[in-house]
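Spelled out from the first residue to the last, the chains are:
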Amino acid sequence: MADLDRSFEPDHLTSLYIPSLGEPVGYELVRLAEVMHALRNNCPWDMEQTHESLKRYLLEESYEAVEALDRLEAGDDGAYEHLEEELGDVLLQVFFHSAIAGEAAPSR
């Protein structure tokens, strides 16, 4: 965004060239879903987890993400890196619950 020319007001005739990406935008999310699927099928601990058994982890990771947001507001050095890590942990929990829900859902 910082590289955009802001010397004029864009209108309906304005075009923006975006070069092709090395990987599709959703590639990493697809990879995460594949990893989660592999864990659910091959890892004994992951296979036995349920929504109920994982609730405490989702709650714990959510609280840690909120604490990281608080550090960010306080201007703490390294706060963005910590926030990124904690949000990644929350995302993993979301994918875990999503995988379980997908397994339980009737075939579409």
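Conventions used here
- Residues numbered from 1 in each chain as written.
- Predicted model: local features only at pLDDT ≥ 70, side-chain atom pairs only at ≥ 80, totals over all residues.
- Heavy atoms only, no water.
- Core = buried A, V, L, I, M, F, W, Y, C linked by side-chain atoms within 4.5 Å.
- Buried < 20%, exposed > 50% of the residue type's maximum accessible area, 1.4 Å probe, protein only.
- Helix = DSSP H or I, 4+ residues; strand = E, 2+ residues; numbered from the N terminus.
- Contact = heavy atoms within 4.5 Å.
- Phe/Tyr/Trp six-rings, centres within 6.5 Å; stacked < 30°, edge-to-face > 60°.
- Axes fitted to C-alpha atoms, helices over the stretch in contact; angles between N-to-C directions.
- Parallel < 35°, antiparallel > 145°, perpendicular 65-115°, else oblique.
- Left-handed = near helix turned anticlockwise from the far one by under 90°.

> I'm lost on the nonpolar core in this one. Help?
One finds Met36, Leu54, Phe96, Ala99 and Ile100 forming the largest nonpolar core, which totals 5 residues. Looking at this core element by element, the count peaks at 3 residues for helix H4 (residues 79-104). What Met36 contacts, discounting residues up to four positions off in sequence, is Leu92, Phe95, Phe96 and Ala99.

> I'm lost on the packing of aromatic side chains in this one. Help?
The geometry of an aromatic ring pair is captured by the separation of the ring centres together with the interplanar angle, meaning the angle of the planes. The final tally for this structure, using the stated rule, is 2 aromatic pairs. Relative to Tyr57, the ring of Trp45 lies with its centre 6.2 Å away and its plane at 70°, an arrangement referred to as edge-to-face. Taken together, the positions of Trp45 in helix H2 (residues 44-48) and Tyr57 in helix H3 (residues 51-73) put the pair 12 residues apart, joining distant regions of the chain. Looking at Trp45, the relative accessible area reads 40%, which means it is partly exposed.

> Where do I start with the packing of H3 against H4 in this structure?
Two quantities define a packed helix pair, namely the angle between the helix axes and the distance between the axes. Axis separation between H3 and H4 bottoms out at 9 Å; the angle between their running directions is 160°. Comparing their axes, H4 and H3 come out roughly antiparallel. Crossing hand, H3 versus H4: left-handed.

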